[in-house]
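Coordinate inspection notes
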Amino acid sequence: MTTRDEHGDRPGMGELERGTSQRLETRARMGTLAWSALCVLLAVWSVAWGVGAATGTANAWVYCVVGVVLLACALWARRSVIRNSPPRHL
């Protein structure tokens, strides 16, 4: 018995060929996930260097400020991607 037999023949996502709504939605979702991952990475960067600055590591404030600025830019870009994405039809 295969997995397909266990679950029946339920339709999947559909065709992922060029111009289909599933492909456009997948592309938008991947963009949102990528920007979210970058925001998390930059937030961790900023917090780590903030802790380093609090403990007295040399030049840690510079890295912390750069991380905060990059985080703000990434959050702005992520918000723009979500706002400019095509409307979702249910």
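Our subject is the structure listed above.
What this report covers is the structure whose coordinates are included nearby. Each chain has its residues counted from 1, running along the sequence as written. pLDDT decides what is reported in this predicted model: residues at 70 or higher carry local features, side-chain atom pairs at 80 or more are listed and counted, and totals for whole chains, interfaces and linings draw on all residues regardless. Only heavy atoms go into the side-chain values, all of them from the structure, while hydrogens and water stay out.

**Overview of unusual backbone geometry**
Just so we agree on the cut-off: Each helix is a run of H or I in the DSSP string that is no shorter than four residues. Each strand is a run of E no shorter than two, and both are numbered from the N terminus.
With phi around 60 degrees, Asn59 is a residue other than glycine that occupies positive phi space. For Asn59, the position within the fold is in the loop between helix H2 (21–54) and helix H3 (60–84).

**Side note on the packing of aromatic side chains**
Our working definition: Any pair of Phe, Tyr and Trp rings, taking the six-membered ring for Trp, is counted once the centres come within 6.5 Å. Such a pair is stacked with planes under 30 degrees apart, edge-to-face with planes over 60 apart, and tilted for the rest. Exposure is judged per residue with a 1.4 Å probe applied to protein chains only, and the accessible area is read against the type maximum: over 50% gives exposed, under 20% gives buried, and values in between give partly exposed.
For the coordinates displayed, the defined rule picks out 2 aromatic pairs. With a centroid separation of 6.4 Å and an interplanar angle of 70 degrees, the aromatic rings of Trp45 and Tyr63 are classed as edge-to-face. With Trp45 in helix H2 and Tyr63 in helix H3, this residue pair connects regions lying 18 residues apart in the sequence. Given the relative accessible area of 38%, Tyr63 is considered partly exposed. An aromatic cluster is defined as three or more aromatic residues linked by ring pairs; in this entry it consists of Trp45, Trp49 and Tyr63.

**Overview of the side chain of Ser46**
Our working definition: Nitrogen and oxygen atoms within 3.5 Å of one another constitute a polar contact, given that in protein one can donate a hydrogen and the other can accept it, and given that sequence-neighbouring residues count only through two side-chain atoms. The contact criterion used throughout is that any non-hydrogen atoms of two residues lie within 4.5 Å.
For Ser46, the location among the structural elements is in helix H2. A polar side-chain atom of Ser46 sits 3.3 Å from the main-chain carbonyl oxygen of Gly67. When sequence neighbours within four positions are dropped, the list of residues in contact with Ser46 reads Cys64, Gly67 and Val68.

**Focus: the packing of H2 against H3**
When two helices pack together, their arrangement is given by the angle between the helix axes and by the axis-to-axis distance. Selection criterion: All axes here are fitted lines through C-alpha atoms, helices being fitted over the stretch that makes contact, and every angle between N-to-C directions spans 0 to 180 degrees. Every angle not falling under 35 degrees, over 145, or within 65 to 115 is termed oblique; those three ranges are roughly parallel, roughly antiparallel and roughly perpendicular. By definition, any crossing whose near helix is turned counterclockwise from its far helix by less than a right angle is left-handed, and any crossing with a clockwise turn is right-handed. Ten residue types, Ala, Val, Leu, Ile, Met, Phe, Trp, Tyr, Cys and Pro, are classed as nonpolar, four, Asp, Glu, Lys and Arg, as charged, and the remainder, Gly among them, as polar.
Taken N-terminus to C-terminus, the directions of H2 and H3 make an angle of 160 degrees; their axes are 8 Å apart at the nearest point. Put simply, H2 runs roughly antiparallel to H3. By crossing handedness, the relation of H2 to H3 is classed as left-handed. By residue class, the composition of the contact of H2 with H3 is 20 nonpolar, 6 polar and 1 charged.

So far we have only geometry, and geometry alone does not tell us how the molecule works.
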